[in-house]
Amino acid sequence: MLRIIFITNSIGFGGAEKMLTFVANSLSERGHICAIVNLGAVPEYVNVYKQNIDERIDVFNVKDKVQQKKRKAEIKAVAQYAKEFHANVLIGFTNFPNMYATIVGKMLKIPSIMSERGDPAITLPNTFKDRILKLIIDSASGGVFQTNGAKAYYGKRLQKRGNVIPNPIFIKGTLPNVPYEEHEKTVVSVGRLDNKQKRLDVMLQAFSVFSKKHPEYTLKIYGSGNDENMVRQWCADLNIQDQVKFMGVTRTPMQDISDAGMFLITSDYEGISNSLLEAMAVGLPCVSTDHTPGGARLLITDHENGLLAPMGDVDALAGAMCEFADNPELAKKCGNNARDVVNRFEPSRIINLWEDYIEKLCR
């Protein structure tokens, strides 16, 4: 039995937060004593919906102890909490939490694990501050990466100490199974409205091209974010505002999208996209950019269980949507084959990998 502290920027909605909650809750159920340190370093809209955290897990909100955002004071507060908690190991999720876990681990002489949840080549650009941040994270005791591409960005020693563990597919209740013939003429997208990563400008341009050939389709966008007003304006600029529906944040994505005609993700970078996993699990024909650092390629074999298009390529994305709309047999085949992610990324398999790795590092 281990005493484990997870460090995060937020416990609101988002892929990293969802994965952290899964690992913490699952390890708590297995008898480990877990706590979450929440740095609260995100825009307020992220916290509209909180993750469902096991009641046995203590949540320490750093902002309650440190009024001004000063790294040194926050690190000191985290170290004091970890000391009082008698932590055996610290696990960070994303860049600054990874840094905090590494520094506090060295202060207390306990192992630290960094967890990369996206594409570090994008989230850790080559500025002086980011090089310092990477240098600190490289000295962590261990690391968990979603893809080999993300792992390769870090130092050789951390790569050697690290492990690649993919995201699981989260299924609540009965998995929806809508026959393909009953699917609506809709394209769906699920994710944070953050254009830098999600490239909603590309999505709307591609849908605009697609809709000229297939005006019967609508685009449903699930999610919220700071760029929502800008995205709505782009719809008006492209004259597709009547064909695009903003659905807000959903707590039941698989149920809400299960009867859609196809799923679309246009990100420039992702770890392993939870929304893409969920769309595949319910049997949707999926169109995805071949985003860095390789998460989509890990999930999709082109023309077997989905379609891949180059990042930023509006015409290729529109062409892929047309391919599904024009070829129901291909769409049905890809959707049926996509369901295999339920077996490949079953949660108990994934948490076994996490638990084995943490216990090995703490020996």
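Above this note sits the structure.
A quick note: this is a predicted structure, and the numbers were derived from the prediction, not measured.

Undergrad: How should I be thinking about the packing of helix α9 (residues 200–213) against helix α14 (residues 314–326) in this particular structure?
TA: In helix packing, the relevant descriptors are the interaxial angle and the interaxial distance, both defined with respect to the helix axes. Contact geometry of α9 with α14 gives a least axis separation of 8 Å together with a crossing angle of 45 degrees. As the angle between them shows, α9 and α14 are arranged oblique. As α9 runs across α14, the sense of the crossing is right-handed. Along its contact with α9, which presents V202, Q205, A206, F207, V209, F210 and K213, the element α14 presents V314, L317, A318, M321, C322 and A325. Looking at the contact of α9 with α14 residue by residue, the class counts come to 11 nonpolar, one polar and one charged.

Undergrad: Please clarify how the pairing of strand β1 (residues 3–8) should be interpreted in this entry.
TA: On a regular strand, each side chain points to the face opposite its neighbour's, so the side chains alternate between the two faces of the sheet. Buried residues dominate β1, accounting for five of its six residues. The pairing of β1 with strand β2 (residues 33–38) spans six bridges and is parallel. What sits directly across from I7, in β2, is V37. Inspection of the sheet shows β1 paired to strand β4 (residues 89–92) by four bridges, in the parallel sense. The residue of β4 that forms the bridge with I5 is L90.

Undergrad: Please clarify how a nonpolar patch on the surface should be interpreted in this entry.
TA: Taken together, the side chains of F128, I132 and L135 present a nonpolar region at the surface, about 330 Å² in accessible area. By the secondary structure assignment, F128 is in helix α5 (residues 128–138).

Undergrad: So what exactly am I meant to see when it comes to the side chain of Q146 here?
TA: Counting through the fold element by element, Q146 comes out in the loop between β6 (142–145) and α6 (148–151). When its relative accessible area of 3% is taken as the criterion, Q146 is described as buried. Engagement of the side chain of Q146 in a polar contact is seen with the backbone oxygen of R117, the distance being 2.8 Å. There is a polar contact of 3.1 Å between the side chain of Q146 and the side chain of N167. Beyond its immediate stretch of four places on either side in the chain, Q146 contacts E116, R117, G118, V164, I165, P166, N167, G271, I272 and L298.

Criteria and cut-off values
Residues numbered from 1 in each chain as written. Predicted model: local features only at pLDDT ≥ 70, side-chain atom pairs only at ≥ 80, totals over all residues. Heavy atoms only, no water. Axes fitted to C-alpha atoms, helices over the stretch in contact; angles between N-to-C directions. Helix = DSSP H or I, 4+ residues; strand = E, 2+ residues; numbered from the N terminus. Parallel < 35°, antiparallel > 145°, perpendicular 65-115°, else oblique. Left-handed = near helix turned anticlockwise from the far one by under 90°. Contact = heavy atoms within 4.5 Å. Nonpolar A, V, L, I, M, F, W, Y, C, P; charged D, E, K, R; others polar. Buried < 20%, exposed > 50% of the residue type's maximum accessible area, 1.4 Å probe, protein only. Pairing = 2+ DSSP bridges. Patch = residues over 30% accessible without salt bridge, like charges linked within 9 Å, V, L, I, M, F, W, Y side chains within 5 Å. Areas by Shrake-Rupley, 256 points an atom, 1.4 Å probe, with all protein chains shown as cover. Salt bridge = Lys/Arg side-chain N within 4 Å of Asp/Glu carboxyl O. Polar contact = N/O pair within 3.5 Å; in protein donor to acceptor, adjacent residues only side chain to side chain.

So, to be careful, I would describe these as geometric facts and stop short of saying anything about function.
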